[in-house]
Amino acid sequence: MSTIAFDQTALTRIADFARSLSRLHQLARRQWVDDDQLDREFNAVCVSIWGDCPDDLVDEMFDPADLSWLDTLDEGTARIFAAEHGYGLVDDTGMLSDWWGYCWMILAEARGLLTAENRAAARAHLEESYRAAPNVIGVIVGR
C-alpha cells in the first residue's frame, strides 16, 4: 500500500479550469482542430490558475537539472509531483491530456519564476526570435 496520501479536497483541481480545453481535445479525436486553438486554450487555463503561461518563460530560466527532470517525467511521477505542490492532474476520465505542460508551470511556480520581470524577459526573447527569422518582416505586439 502507498505511503503517500493526499487530501484530494485540498488540491487545486486543474481539471476544473480546463473543461473547455478537455472538450477541445475530445473534439480533436473526431475532427481536425487547429493546434493554435488548443495552444490558446491551454494558455488561457494556465493564466487563469497562475497568471502566466508557458510563453511567459524560456528554458534558460530553469536550472538544467530541472529541464532534465522534466524530460524524464511520466504520468505517475507527474501526478505525485503535482499533488505535492497542491495540484490535481486528474479529471473524471483520467489524467489530463496536457499534464506535462501543467507540470512545467507547477515547477516554474515552485522555483519562483512566475514574476513580471521574467514575463517581460520571455516576451522580449520571443519577439527577438521572431525578428531573427529570415521570413519575418515585422512583429506586431499587443500590450
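This structure is a prediction, so every number in the text was calculated from the model and none was measured.

Cut-offs applied
Residues numbered from 1 in each chain as written. Predicted model: local features only at pLDDT ≥ 70, side-chain atom pairs only at ≥ 80, totals over all residues. Heavy atoms only, no water. Helix = DSSP H or I, 4+ residues; strand = E, 2+ residues; numbered from the N terminus. Buried < 20%, exposed > 50% of the residue type's maximum accessible area, 1.4 Å probe, protein only. Salt bridge = Lys/Arg side-chain N within 4 Å of Asp/Glu carboxyl O. Expected span 1.5 Å × (residues − 1). Disulfide = S-S within 2.5 Å.

### A short note on the overall build of the protein chain
Here is step 1: Along the backbone of the protein chain there are 7 helices and 4 strands.
Here is step 2: Start at the N end of the protein chain and walk to the C end: the helices and strands fall as β-α-α-α-α-α-β-β-β-α-α.
Here is step 3: Expressed along its principal axes, the backbone C-alpha trace of the protein chain runs to roughly 60 × 40 × 25 Å.
Here is step 4: Scored against the burial criterion, the 143 residues of the protein chain give a buried share of 34%.

### Side note on the pattern of salt bridges
Here is step 1: In the structure shown here, the tally under the stated rule is 6 salt bridges.
Here is step 2: Here Asp16 ties to Arg19 by a salt bridge, and the two come within 3.1 Å at their closest N and O atoms.
Here is step 3: Using a relative accessible area of 44% as the deciding quantity, one classes Arg19 as partly exposed.
Here is step 4: The salt bridge partner of Glu127 is Arg131, with a shortest N-O separation of 3.8 Å. Here Glu127 pairs with Arg131, and both are found in helix α7 (residues 116-132), just 4 residues apart, close to one helical turn.
Here is step 5: Looking at Glu127, the relative accessible area reads 12%, which means it is buried.
Here is step 6: One network of salt bridges, in which partners are shared, links Arg13, Asp16 and Arg19.

### Quick look at helix α6 (residues 99-110)
Here is step 1: Compared with the 16 Å implied by 1.5 Å per residue over 12 residues, the 16 Å span of α6 between its first and last C-alpha is a close match.
Here is step 2: In terms of burial, α6 is largely enclosed, as 9 of its 12 residues are buried.
Here is step 3: Just past α6, the residue Gly112 takes up positive phi, approximately 75°.

### As for the state of the cysteines
Here is step 1: For the coordinates displayed, the defined rule picks out 0 disulfides.
Here is step 2: Residue Cys46 stays outside any disulfide, its sulfur separated by 6.8 Å from that of Cys53, the closest cysteine.
Here is step 3: Note on Cys46: relative accessible area 0%, which makes it buried.
Here is step 4: Not engaged in a disulfide, the cysteine Cys103 finds its nearest cysteine sulfur in Cys46; these two sulfurs lie 11 Å apart.
Here is step 5: Using a relative accessible area of 0% as the deciding quantity, one classes Cys103 as buried.

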